[in-house]
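A structural walkthrough
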Amino acid sequence: MANDCILLVAVSLISACQQAYFAKLVGYARKKYKVVPPAITGTPEFERILRAQLNSVEFHTVFLVVLWAAGWFFNEVIASILGLVYIFSRHKYFHGYAESAKARVPAFNLGVSMLSILLGMSFLGLVNCVADHYFDVDVMKHISKLF
Amino acid sequence: MANDCILLVAVSLISACQQAYFAKLVGYARKKYKVVPPAITGTPEFERILRAQLNSVEFHTVFLVVLWAAGWFFNEVIASILGLVYIFSRHKYFHGYAESAKARVPAFNLGVSMLSILLGMSFLGLVNCVADHYFDVDVMKHISKLF
Amino acid sequence: MANDCILLVAVSLISACQQAYFAKLVGYARKKYKVVPPAITGTPEFERILRAQLNSVEFHTVFLVVLWAAGWFFNEVIASILGLVYIFSRHKYFHGYAESAKARVPAFNLGVSMLSILLGMSFLGLVNCVADHYFDVDVMKHISKLF
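Residues numbered from 1 in each chain as written. Chains lettered and ligands numbered in written order. Predicted model: local features only at pLDDT ≥ 70, side-chain atom pairs only at ≥ 80, totals over all residues. Heavy atoms only, no water.

Relative to the helices and strands, Asn55 of chain C is located in helix α2 (residues 44–73). When near neighbours in sequence (up to four residues on either side) are disregarded, Asn55 of chain C contacts Arg90, Tyr93 and Phe108 of chain C. (Helix = DSSP H or I, 4+ residues; strand = E, 2+ residues; numbered from the N terminus. Contact = heavy atoms within 4.5 Å.)

Listed as interface residues are 24 residues of chain A and, on the opposing side, 25 residues of chain B. Contact between chain A and chain B buries roughly 2100 Å² in total, counting both sides, with carbon and sulfur atoms accounting for 82%. Among the residues chain A hides against chain B, the three largest losses belong to Arg51, Glu58 and Val65 of chain A. Together they make up 24% of the total. Connecting chain A to chain B are zero salt bridges. On inspection of chain A and its partner chain B, the count reaches two residue pairs in polar contact (both at pLDDT 80 or more). Top contributing element to the side of chain A that touches chain B by residue count: helix α2 (residues 44–73) of chain A, with 13 residues. Classifying every residue of the side of chain A that touches chain B gives 16 nonpolar, three polar and five charged. (Buried area = accessible area lost by both parts, 1.4 Å probe. Salt bridge = Lys/Arg side-chain N within 4 Å of Asp/Glu carboxyl O. Polar contact = N/O pair within 3.5 Å; in protein donor to acceptor, adjacent residues only side chain to side chain. Nonpolar A, V, L, I, M, F, W, Y, C, P; charged D, E, K, R; others polar.)

All right, on to the pattern of salt bridges then. Oppositely charged side chains are able to pair whenever their charged atoms sit close together. As enumerated under the stated definition, the model contains three salt bridges over all chains in all. A salt bridge links Arg51 of chain A to Glu58 of chain A, with the shortest nitrogen-to-oxygen separation between them at 3.4 Å.

Least-squares fitting of chain B to chain C yields an RMSD of 0.0 Å, with the transformation described by 0.0 Å of translation along the axis and a rotation of 120°. The transformation relating the two chain copies, once decomposed into turn and shift, fits a three-fold axis. Identified as the residue of chain B closest to the rotation axis by C-alpha distance is Thr61 of chain B, at 4.0 Å. Taken together, the interface assignments show that only 12% of the residues at the interface of chain B recur at the interface of chain C, consistent with different surfaces on the two copies. (Least-squares fit on C-alpha atoms with pLDDT ≥ 70 in both.)

Attention shifts here to the UniProt feature "transmembrane region" (unreviewed entry) in chain A. All names here are of chain A. Taking the UniProt record as the reference, the feature "transmembrane region" (unreviewed entry) is found at residues 62–87 and 107–127. The distance separating the terminal C-alpha atoms of residues 62–87 is 13 Å; by composition the span is 92% helix and 0% strand. When the span residues 107–127 is considered, its composition is 100% helix and 0% strand, and the gap between its end C-alpha atoms is 30 Å. (UniProt positions renumbered as here; feature names shortened; annotations may be inferred.)

Side chains that are nonpolar tend, in soluble globular proteins, to be buried together. Counting residues in hydrophobic clusters, the biggest one holds 86 residues, and the most contacted among them are Val9 and Phe63 of chain A, Val9, Phe63 and Leu118 of chain B together with Phe63 and Leu118 of chain C. Residues in contact with Phe63 of chain C, not counting those within four places in the same chain, are Val11, Ser15, Gly83, Tyr86, Ile87, Leu115 and Leu118 of chain C. Counting 48 residues, the second largest nonpolar core, distinct from the first, contains Leu50 of chain A, Ala29 of chain B together with Ala29 and Tyr97 of chain C. (Core = buried A, V, L, I, M, F, W, Y, C linked by side-chain atoms within 4.5 Å. Buried < 20%, exposed > 50% of the residue type's maximum accessible area, 1.4 Å probe, protein only.)

Turning to the confidence of the model for chain A, a few remarks are in order. Any segment with low pLDDT has predicted coordinates that should not be analysed in fine detail. Residue and element names in this part refer to chain A. Of the residues in chain A, 97% reach a pLDDT of 70 or more, and the chain-wide mean stands at 92. Per-element mean pLDDT across chain A ranges from 71 in helix α5 (residues 139–146) up to 97 in helix α3 (residues 76–99). For this predicted complex, the interface confidence reaches an ipTM of 0.91, while the overall pTM sits at 0.93. (pLDDT = per-residue confidence, 0-100.)

Before going further, it helps to spend a moment on the interface of chain B and chain C. Taken residue by residue, the interface counts 24 residues in chain B and 25 residues in chain C. For the pair chain B and chain C, the two sides together bury roughly 2100 Å², of which 82% comes from carbon and sulfur. For the interface between chain B and chain C, the tally reads zero salt bridges. Among the elements of the structure, α2 (44–73) and α4 (105–135) of chain B are those that each provide at least two residues to the side of chain B that touches chain C. With 13 residues, the single largest contributor to the side of chain B that touches chain C is α2 of chain B. For the side of chain B that touches chain C, the per-class residue count stands at 16 nonpolar, three polar and five charged.

What characterises a pair of aromatic rings is the spacing of the ring centres plus the angle enclosed by the ring planes. All names here are of chain A. Enumeration over the complete set of coordinates arrives at 21 aromatic pairs over all chains. Ring geometry for Tyr93 and Phe108: centres 5.7 Å apart, planes at 45°, overall tilted. Remark: Phe108 occurs in helix α4 (residues 105–135) and Tyr93 occurs in helix α3; sequence separation between them is 15 residues. Assessed through its relative accessible area of 2%, Tyr93 is described here as buried. (Phe/Tyr/Trp six-rings, centres within 6.5 Å; stacked < 30°, edge-to-face > 60°.)

Our next topic: the relation of the copies chain A and chain B. What relates the pair of chain copies is a rotation about an axis plus a shift along that axis. Under the fitted operation, chain A is carried onto chain B by 0.0 Å of movement along the axis and a turn of 120°, and the coordinates agree to an RMSD of 0.0 Å. Of all interface residues in chain A, a mere 12% are interface residues in chain B too; the two copies therefore contact each other through different surfaces.

With that out of the way, let us pick up the packing of helix α3 (residues 76–99) of chain C against helix α4 (residues 105–135) of chain C. Residue and element names in this part refer to chain C. Two elements in contact, α3 and α4, have axes separated by 8 Å at closest approach and are oriented at 160°. What the angle tells us is that α3 and α4 run roughly antiparallel. Every pair of crossing elements has a handedness; the one defined by α3 and α4 is left-handed. For the pair α3 and α4, contact is made by Ile78, Ala79, Leu82, Val85, Tyr86, Ser89, Arg90, Lys92 and Tyr93 and by Ala107, Phe108, Leu110, Gly111, Met114, Leu115, Ile117, Leu118 and Met121, respectively. Here the residues of the contact of α3 with α4 are counted per class, giving 14 nonpolar, two polar and two charged. (Axes fitted to C-alpha atoms, helices over the stretch in contact; angles between N-to-C directions. Parallel < 35°, antiparallel > 145°, perpendicular 65-115°, else oblique. Left-handed = near helix turned anticlockwise from the far one by under 90°.)

Take a look at the structure:
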């Protein structure tokens, strides 16, 4: 079991570190812009950084679910690479948002694209798994034979 | 392994899509009520929609943990059906909250009931698994023999 | 499979219950300090309790990822014990924060230490797994032979 998901675990750990790192950057922003906890409003700079973190938290479970579903049911290597691109997009998103609300948009869209592809892979893999399990038809094998 | 949790993965994917959908609805609400990011306050309508999303985020990890524990240790089909009811309750909760703070309560309570049942199933399944593993007593089998 | 992770599932369930409990305490605080939903500001007492919950939500996925990675790839018992200490630290953090912003710091640091150790365990376990899988070298076995 453990050997089958080394890459997925590695990508999940990197994304967990990124979440902790974002939380740390919010802590630094609190000091820099003198926003004493538990306040969640203050300068626009601080509010953008806080929103950037919270948005990443909101999407973290979504990311983990589609990453693992795509990795398990479709292809672990492809899912892991897309996962790394998603983590990179979140990095750009966070630092873009810290600069201006507009600068977050391209990276956000890249992240959503990655999630969409991972979701599509999960769906295909799941359909294939159901077809294989219940109707004894391995669609993926048939497709790979065509090439 | 993969075959043992098709339903749980499917329900998890649906709940992940729902989370992304809620995030999108908050985006629409920002445009509709002219609440420019990163602001988190504005009209009461917008604030209710944002809170509805955040509350769903807060409960998403709780949901995933009890769904998988109940599905693995008790019964996958029952856990998946309860999971779908939970997702439905969140749908009603979100749209109820968007209308008024009061309208969210019945759906919220339905969701909490689902989480409670899934938690109870997880607990029973876990106790059974411990009894089976360490004391070689399969309680579930004994119970099913009674009927 | 199920038998290999009883402890990790049990600890995950306890942490899920804790999250639900924190959400309930925020509900009580809303009543006590008369902060009507969807408001997220009010008395400083209420705002501290809300922040304590939100911070716990932010770290919940991080916790679950490092708990499972450390439990799977390093040692389930050690990971579960550290997980319990983390849950305890969150308990102290929440109730500390409810009293004053300063009182949350020691428990927060304890929690971060637990997450760091779990992350280190995950990393070591992952490296060992890669070395074992791709280079046929089981580092852990070599280390345990030294003692």
